[in-house]
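Examination of the molecular architecture
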Amino acid sequence: MMNIDTKNYLLGKNQKDLVPIGQNHLLHRNVVEAFHLLRKLCRDNGFDLSVASSYRSFERQKTIWNEKALGKRQLLSDTGAPLNYETLSQEEILKSILRWSAIPGFSRHHWGTEIDVYCQNSLPSKDYNVMLIPDEVSDDGIFGELHKFLDELIEGNNSYGFFRPYCEDRGGVAPERWHLSYAPLSMQNEELIDFEFFKNNIGEFEIELKELLLSQGDEIFEKYIQNHCLPPF
Ligand SMILES: [Zn+2]
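A brief look at the structure comes next. All values reported here derive from a predicted model rather than from experimental measurement. (Residues numbered from 1 in each chain as written. Predicted model: local features only at pLDDT ≥ 70, side-chain atom pairs only at ≥ 80, totals over all residues. Heavy atoms only, no water.)

Attention shifts here to the packing of helix α3 (residues 58-69) against helix α4 (residues 90-100). One can describe the packing of α3 onto α4 by two numbers: an axis separation of 10 Å at closest approach and a directional angle of 145°. Viewed along their axes, α3 and α4 form a crossing whose handedness is right-handed. From α3, Trp65, Lys68 and Ala69 reach across to α4, where they touch Ile93, Leu94, Ile97, Leu98 and Trp100. Counted by class, the contact of α3 with α4 contains 7 nonpolar, no polar and 1 charged residues. (Axes fitted to C-alpha atoms, helices over the stretch in contact; angles between N-to-C directions. Helix = DSSP H or I, 4+ residues; strand = E, 2+ residues; numbered from the N terminus. Left-handed = near helix turned anticlockwise from the far one by under 90°. Contact = heavy atoms within 4.5 Å. Nonpolar A, V, L, I, M, F, W, Y, C, P; charged D, E, K, R; others polar.)

Next up, the structure:
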């Protein structure tokens, strides 16, 4: 039986082991050293690796989820085009959310092991708003050089444990080249999350689209949670 602290940690409801990095971000204490090493290596190679998103709580994820489910936040197609909420079935709404946002309690960002990164010294202007979209991170995008460098590090096992869980389109979560995961802890966390854990916890949450989610639970668990790229090292 999993203890309550571990359960809450996995679900984004326990901040005990998180520590601040910079002014706006939290990471798990076991990730901080590797993060600083990666940052230094990037800096030594001319890239100011910066964090756009790190730890996210259950409550925050629930807000995003519910806003999308209720049409208060833009929904996107598989390829990222805006969708008209009014024309969508509940099923289509669910699929659109799952492609781009995690189910509350089941975001990898709950663990303090995940970061969405960009390159501060590649911003085209001081007031540029980082969007984390495919154009920015493609090889010829504004953060392309940083990501090519990160690819080399990851391939060569020189990335201090960081890898890309959403490196390619596997039909579930959209590819997110900006998203890095600290494998030594995130892989360990994943081993604790099986379908029973998924189903039982969702059953207890108060979130939009819960019944629809549960009715397709096993498929959704496989396609959107387990189905991601693994570290090459
Ligand atoms: Zn991310």
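Resuming the write-up.
Looking now at the pairing of strand β6 (residues 179-182). Side-chain positions along a regular strand alternate between the two faces of the sheet. The side-chain alternation of β6 yields two buried faces, one formed by His179 and Ser181 and the other by Leu180 and Tyr182. In the sheet, strand β4 (residues 114-119) pairs with β6 via 3 bridges, with the strands oriented antiparallel. Across the sheet, Ile115 pairs through a bridge with Leu180, a residue of β6. The pairing of strand β5 (residues 162-163) with β6 spans 2 bridges and is classified as antiparallel. (Buried < 20%, exposed > 50% of the residue type's maximum accessible area, 1.4 Å probe, protein only. Pairing = 2+ DSSP bridges.)

The coordination sphere of the zinc ion, as far as protein atoms go, consists of His109 (NE2), Asp116 (OD), Asp116 (OD) and His179 (ND1), spread over 2.1 to 2.7 Å. Classification of the site at the zinc ion rests on its 4 donor atoms, whose angles at the metal span 52 to 153°, yielding the label irregular. If you list the donors of the zinc ion from N- to C-terminus, the spacing comes out as H-x6-D-x62-H. Residue Asp116 is found in strand β4, and its partner His179 is found in strand β6; the two are separated by 63 residues along the sequence. Taken individually, Asp116 and His179 each receive the classification buried, so the pair is uniform in this respect. (Donors = N, O, S within 2.8 Å, 3.2 Å for Na, K, Ca; no water. Tetrahedral: all angles 85-135°; square planar, octahedral: opposite > 155°, others 65-115°.)

A few words on the sheet that holds β5. Judged by pairing direction, the sheet is antiparallel, and its 4 strands sit side by side in the order β3-β4-β6-β5 without closing on themselves. Looking at the sheet topology across the chains shown, the edges are occupied by β3 (49-53) and β5. Relative to the sheet, helix α6 (residues 144-155) contacts β3, β4, β5 and β6, its axis offset from that of β4 by approximately 135°. In this fold helix α7 (residues 183-192) packs onto β4, β5 and β6, with an angle of close to 80° to the strand it touches most, β6.

In this section: the layout of surface pockets. Volume-wise, the largest pocket comes out at about 1100 Å³. Together, 43 residues line the largest pocket, and Arg56, Trp100, Ser101, Ala102 and Glu176 are the ones closest to its centre. Breaking the lining of the largest pocket down by element, the ones donating at least two residues are α3, α4, α5 (134-137), α7 and α10 (217-226). Of the residues that constitute the lining of the largest pocket, the class distribution is 22 nonpolar, 11 polar and 10 charged. (1 Å grid on protein atoms, 1.4 Å probe; cavity = no way out; pocket = protein on both sides within 12 Å on 5 of 7 lines; lining within 4 Å. Points joined across faces, edges and corners; volume = space filled by probe spheres on them.)

Here we take up the pairing of strand β1 (residues 18-21). Pairing between β1 and strand β2 (residues 25-28): 4 bridges, direction antiparallel. Counted as the bridge partner of Val19 is Leu27 from β2. Here β1 folds back onto β2, and the loop between the two strands holds 3 residues, one of which, Gly22, carries a positive phi near 65°.

This paragraph deals with the pattern of salt bridges. As enumerated under the stated definition, the model contains 16 salt bridges in all. One salt bridge connects Lys40 with Asp44, and the closest N-O pair in it is separated by 2.8 Å. Here Lys40 and its partner Asp44 are both found in helix α2 (residues 32-44), 4 residues apart, which amounts to about one turn of the helix. By relative accessible area, which is 53% here, Asp44 ends up exposed. Among the salt bridges present, the one from Glu145 reaches Lys148, with a minimum N-O distance of 3.0 Å. Taken as a pair, Glu145 and Lys148 lie in helix α6 at a separation of 3 residues, close to a single helical turn. Classification of Lys148 by relative accessible area gives partly exposed; the value is 32%. Taken together, the shared-partner salt bridges connect Asp139, Asp151, Arg164 and Arg177 into one network. (Salt bridge = Lys/Arg side-chain N within 4 Å of Asp/Glu carboxyl O.)

No statement about biological role is implied by the geometric values presented.
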